Amino acid sequence: MTVVIRDAGPADEAGWRGLWDQYLDFYEVVLAPEVTAATWARLMDPASPVKARLAFDGGQMVGFAIHLHHPSTWVLGEDCYLEDLFLAPEARGKKIGKRLLNDLIKLAKAKGWQRLYWHTDEENAVARRLYDRFVKADGHVRYRMTL
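Residues numbered from 1 in each chain as written. Predicted model: local features only at pLDDT ≥ 70, side-chain atom pairs only at ≥ 80, totals over all residues. Heavy atoms only, no water.

1. Some points on the packing of aromatic side chains
Cut-off, in case you're wondering: Between 30 and 60 degrees the pair is tilted, below 30 it is stacked and above 60 it is edge-to-face, where a pair is any two Phe, Tyr or Trp rings, Trp via its six-membered ring, whose centres lie within 6.5 Å.
What the rule picks out here adds up to 11 aromatic pairs. For the pair Tyr23 and Tyr27, a centre-to-centre distance of 5.5 Å together with 80° between the ring planes defines the contact as edge-to-face. The rings of Trp16, Trp20, Tyr23, Phe26, Tyr27, Trp40, Phe64 and Phe86 are connected pair by pair, giving a single aromatic cluster.

2. Digging into unusual backbone geometry
Selection rule: Secondary structure elements follow DSSP: runs of H or I no shorter than four residues count as helices, runs of E no shorter than two count as strands, and numbering proceeds from the N terminus.
For Glu28, which is not a glycine, the phi torsion comes out positive at approximately 55°. Position of Glu28 relative to the elements: it lies in the loop between helix 1 (13-26) and helix 2 (33-44). For Lys95, which is not glycine, the phi dihedral falls at a positive 65°.

3. Looking at the layout of surface pockets
Gaps left between atoms are located by rolling a probe of water-molecule size over the structure's atoms. The following threshold applies: Two kinds of site are reported from a 1 Å grid over the protein atoms alone, namely cavities, where a 1.4 Å probe fits but cannot get out, and pockets, open sets with protein on both sides within 12 Å along at least five of seven lines, and residues are called lining when an atom falls within 4 Å of a point. Grid points are joined across faces, edges and corners, and a volume is the space filled by probe spheres set on the points. Residues are sorted three ways: Asp, Glu, Lys and Arg are charged, Ala, Val, Leu, Ile, Met, Phe, Trp, Tyr, Cys and Pro are nonpolar, and all the rest, Gly among them, are polar.
Here the second largest pocket is characterised by a volume of approximately 160 Å³. Every element with two or more residues in the lining of the second largest pocket is listed here: helix 2, strand 2 (50-57), strand 3 (60-71) and helix 3 (96-111). Here the residues of the lining of the second largest pocket sort into 7 nonpolar, 3 polar and 3 charged.

4. Some thoughts on the packing of helix 3 against helix 4 (residues 125-134)
Counted only if it meets this: Orientation is described by lines fitted to C-alpha atoms, with helices fitted over the stretch in contact, and by angles between N-to-C directions that extend from 0 to 180 degrees. Throughout this description, any angle smaller than 35 degrees is read as roughly parallel, any larger than 145 degrees as roughly antiparallel, any in the 65 to 115 degree range as roughly perpendicular, and the remainder as oblique. By convention the crossing between two helices is left-handed if the near helix lies anticlockwise of the far one by an angle smaller than a right angle, and right-handed if it lies clockwise. Throughout, a contact is declared for two residues whenever any of their heavy atoms are within 4.5 Å.
At a closest axis distance of 10 Å, the pairing of helix 3 and helix 4 adopts a crossing angle of 40°. Considered as vectors, helix 3 and helix 4 are oriented oblique to each other. For the pair helix 3 and helix 4, the crossing hand works out as right-handed. On helix 4, the residues touching Gly97, Lys98, Leu101, Asn102 and Ile105 of helix 3 are Leu130, Tyr131 and Phe134.

The structure is reproduced here in structure tokens:
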């Protein structure tokens, strides 16, 4: 298995959109097309803190880790938030998710970010098994209000 992980670039849009659609289907979410377009535009904007690392297996795009960095009130530097991690079904069980997380850890350390955090659905046992290998859940409960 030849796995390559790298930053998303303009030529990756179609592949990313295919994976993004699968990700939204997994979570049973429908987004307006302009939201997806704006997300891609942010990923490509050099001034945006929102970025994506893409995983390729044998040249085929099979996963992404969308993340952003931001200032924190709890550390002197910045935190990195892993907002979306997804693997195509055919890529699961090949340790590509682990590679994406390790890649993001390495990137965050290189950028001098102080912490990496994420969340997942409490019933997503597959993702939780992966995440628990890195760190135990910290017990926080998320609240989200749509405005």
